[in-house]
Each structure stands twice: as C-alpha cells, then as structure tokens.
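Coordinate inspection notes
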Amino acid sequence: MSDPLIVDIHTHVYPPAYIDMLRARNKVPYIHDPSDSGPPRLIILSSDDDSNIPLDQRGRPVDSSYSDIKVKLDFMDKHGIDCSVISLANPWLDFIGEEQASEWAQKINDDLESTCAQVNGAAASSNKISRLFAFGTLPLGATEQVAVADEVHRISTLPHIRGVIMGTTGRGHGLDDPELEAVWGALQDTQLMLFLHPHYGLPDEAFGGPEIVRRYGHVLPLALGFPLETTIAITRMYLSGVFDRFPKLRILLAHSGGTLPFLAGRIESCIVHERIFTVNGGSIPGPQRDIWDVLKTNIYLDAVTYGTAGLKAAVEAGGGSTDRLLFGTDHPFFPPLNEEEDQWTSVTTNYKAISASFGEDQDAVAAVLGGNAVRLLNLK
Ligand code: 5CU
C-alpha cells in the first residue's frame, strides 16, 4: 500500500492582524511584551491573568509559529503532513461585539482564503493534494443572529473554506440558545462543518480554587477543563433538541469529543429517567433522537487524544467504524519544551496512538490519517 495521505484538521493560526489587535489590548485576551525583551507572552485563558504571577511570566511564550504560515508549512513537512485545514485559534472573535464583529470576521476569513490560495498556488504541482484549506470564523457577537448566518453563507462560496470553528459559548449563552437557530440553519443549508472547540474550561473552584490551578500550571485547565467544557456544550445543544430541528448538521468535536464518547450512555440513561424537562414550564419534551443516533449521524471526532483508550472510545461511540475520526495536531500549541527535538512529542504521540489502535487494519489507519478528511471536507 502506498503512503497514506496525511491531513491535519486541528491546526491553528493567529493572522498577523489578530496578533496586532491582541497586542493593543491589556485585558484577557492580550499579548504582553516583557520589558527585558524576552519572548512576548500570550495571555488568553482567564487563569493565565493571575496577579500573583509577574506579568512577564503570565500565560505562555508566543513566537512566529502562531502567525507565520511558512512556519506552519515547515512543521507540516517535518511531520509528513500533506494538507492542513487551518483555523483561527481561541478565543476567536468571542470578545468582539456588535458591528466590529462582522468586520473582523470578514477580515479574518478573507485573510484565511487568500493565504490558502497563495500557498496552494505556489506549491509543487506534483503534490497529491492542495496544501491548505481553512475553517472560517464567525461574528458571534454581532447584534443580530442574521449577521452570523450571512457570514456563513458568504464564506460557503469561498473556494478554500470548508467549515467554521466556534467556541462553546456561541453568542454568549451556550449552544442551546434560541439566538443560534439561524446559525444552525445556515450551517445545515451550506453543509459547512462546524468545528466545536473549547476555550473557557471550568471555574477554578471546580479544581479546588485558584491556588490549586496555579500550582499545576496549564494541566488542570487544558487536560480536564477543556474536554469537560466541550462535553457540557454539546450535551446542552443535544438536550435542547437542536439535532431534532437540524438533523443534517455536521459537527467536528475537538479532542475526540472531550468526554462525550465515555459519557454518552450515562447522558442517554439520565434522559430516559427524567420525567419532565423544565424548559418552558415543562412543556418541551427532551430530545427525540437518541444520542447514539446523533453520534453516528451528525458528529465527527478529531483524533487528538494522545492515547489508545480515548481513540477506541471515540470509534466505539460513533458506531464502531473508523470513518468518523480525523487526525489533528493542535499546532502551534504543545511545542516541545526541548528545542533540540526535531519532531514534536505531541504529534508523534498521536501518530503512535493511531497506529497502536488500528494498526492491524491499514485501511482504517489511512482513513483516520487523511482519507476521512478528504471525503468529508471535499479536499482536492
Ligand atoms: O489543546 C488545545 O486545543 C489548545 C488550544 O487550542 N488552545 C489553547 O490555548 N491551548 C490548548
């Protein structure tokens, strides 16, 4: 069998204009340039902006890998990645309100489109597939939800946009918000994939308070807060009947669905044992479709889980076939701590987990590494 195509569907960028905007801010999210000319600090998580930590050490260092597409292309070459579907990194445009939200969304989406066009135009014609595609971003803070839906329709006509990335708060009130109905409708009509990604984690109290969070750096917010945030968001969306009203939505969940594959049975069982949903005074029934049906029909999972147990649960939750699981790296997050390292451990760990989980079936490995992305996102 020839080498499989490798497609990275979980890989982020901050276009230079977005970096400049973060640099001009002094509250989360922002970039701080230390006085000692050390590397700039990216302070985007609420737990990053801790007044007990000196400003010059808050957050994490941010280098050109976050914004320079050439660095992304080098990273792809180094890790054997043929094609990447790039997306704006968190917290996207969540903090930008009203008319500025639409301006920024158009700017970022047009920038992503032209970056893909330029890179693909310059790439060797012998490549098996174009180098770059993108998930667009949405002006979720716009005054009217129709402005968000309009941007979905607009970007669906751009040649390299294959979906949109969205955080778990939607328009600020979670994904069961009626204010998102027009957005779900637009996504269903255009069949753009929605890449649902966490950013806010859980309140510090869930981990024992800020001191405990600080003690363990980013481990609690990223390892536990992010996946639980995703699980809560998609569960609220499901409970409110979004998948009954929009049965053709396509959603890609970050980090293999957080903990959804493991908890789906428990969610289903609790619904079956819940007599009345108190929404609207108890007159609204719970979801009509069972969660297993939604997992098999509407939901796709990335393979960014760093272990065989998570990957196997992801496949099992989707009905046992590997055709809903898609390789990703999370670049530029989780760079090696030792700069001498050639390949990133965060990436090789995922490659190894895919091989250890499905290695007996080379077709399954090829599907997860790239075949599924090519088919589902119509990559050429
Ligand atoms: O694990 C991840 O996906 C990330 C991410 O996307 N952004 C971030 O700030 N940290 C980790």
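Look up a bit, the structure's there.
A quick note: this is a predicted structure, and the numbers were derived from the prediction, not measured. (Residues numbered from 1 in each chain as written. Predicted model: local features only at pLDDT ≥ 70, side-chain atom pairs only at ≥ 80, totals over all residues.)

This part is about the overall build of the protein. The secondary structure content of the protein amounts to 13 helices and eleven strands. Viewed in the frame of its principal axes, the protein has a C-alpha envelope of about 60 × 55 × 40 Å. At a minimum sequence separation of 6, the contacts of the protein that also span at least 24 residues come to 74%. (Helix = DSSP H or I, 4+ residues; strand = E, 2+ residues; numbered from the N terminus. Contact = placed C-beta atoms within 7 Å.)

With that out of the way, let us pick up the pairing of strand β8 (residues 193-196). Because side chains alternate across β8, one face comprises the buried residues M193 and F195, and the other comprises L194 and L196, equally buried. Pairing between strand β7 (residues 161-166) and β8: four bridges, direction parallel. Each bridged residue has a counterpart across the sheet, and for I165 the counterpart in β8 is F195. Note that β8 and strand β9 (residues 251-253) share three bridges and pair parallel. Its bridge partner lying in β9, L196 is registered against L253. (Buried ≥ 20, exposed ≤ 12 C-beta atoms within 10 Å, placed from the backbone. Pairing = 2+ DSSP bridges.)

Let us now look at helix α2 (residues 69-78). For α2, the complete set of buried residues consists of K72, F75 and M76. Relative to the axis of α2, the buried residues are bounded by an arc of 100 degrees and lie together on one face. Exposed positions of α2 whose direction lies more than 90 degrees from the buried face are K70, D74, D77 and K78. Where α2 is buried, its residues contact β1 (7-13) and β5 (83-88). In the segment just after α2, G80 is the residue with positive phi, at about 70 degrees. (Arc of directions from axis to C-beta.)

Ranked by internal contacts, the top residues of the largest apolar core, which has 97 residues, are V152, L194, L196, L252 and V368. For this core, the element with the highest residue contribution is helix α13 (residues 362-377), accounting for seven residues. (Core = buried A, V, L, I, M, F, W, Y, C linked by C-beta atoms within 7 Å.)

Attention shifts here to the site of the ligand. Close to the ligand lie H12, I44, A89, N90, L222, F226, D330 and F333, which account for all nearby residues. By residue class, the composition of the shell around the ligand is five nonpolar, two polar and one charged. (Near = placed C-beta within 6 Å. Nonpolar A, V, L, I, M, F, W, Y, C, P; charged D, E, K, R; others polar.)

Spatially, β1-β5-β6-β7-β8-β9-β10-β11 is the arrangement adopted by the eight strands of the open sheet, whose pairing is parallel. Unpaired on one side and paired on the other, β1 and β11 (325-326) mark the two borders of the sheet.

Before going further, it helps to spend a moment on the sheet that holds strand β2 (residues 30-32). If you trace the three strands from one edge of the open sheet to the other, you get β2-β3-β4, paired in antiparallel fashion. Strands with a single pairing partner mark the edges of an open sheet, and in this sheet they are β2 and β4 (60-61). Taken together, the three bridges between β2 and strand β3 (residues 41-43) define a ladder with antiparallel strand orientation. Paired with I31 across the strands is L42, a residue of β3.

Okay, the packing of helix α12 (residues 345-358) against α13 next. Relative to each other, α12 and α13 sit at 150 degrees, their axes nearing to 9 Å. Classified by the interaxial angle, the pair formed by α12 and α13 is roughly antiparallel. Like other packed secondary-structure pairs, α12 and α13 cross with a definite hand, here right-handed. The segment α12 lies against α13, with I354, S355 and F358 engaging A364, V365, V368 and L369. (Axes fitted to C-alpha atoms, helices over the stretch in contact; angles between N-to-C directions. Parallel < 35°, antiparallel > 145°, perpendicular 65-115°, else oblique. Left-handed = near helix turned anticlockwise from the far one by under 90°.)

What you see with strand β10 (residues 299-302) is no split at all: I299 and L301 on one side and Y300 and D302 on the other are buried throughout. Relative to β10, β9 runs parallel, the two sharing three bridges. When the sheet's bridge partners are listed, L253 is paired in β10 with L301.

As a further point, take the environment of W184. Note that W184 resides in helix α5 (residues 181-190). For the pair W184 and T230, spaced 46 residues apart in the sequence, the C-alpha separation amounts to 17 Å. Beyond its immediate stretch of four places on either side in the chain, W184 contacts V242, F246 and L249.

With that settled, the discussion passes to unusual backbone geometry. The peptide bond linking V28 to P29 adopts the cis configuration, its omega dihedral lying at 0 degrees. Here H331 and P332 are connected by a cis peptide whose omega angle stands at 5 degrees. Following the sequence through the fold, P332 ends up in the loop between β11 and α12. Even without a glycine there, the phi angle at S37 is positive, about 60 degrees. Secondary-structure assignment places S37 in the loop between β2 and β3.

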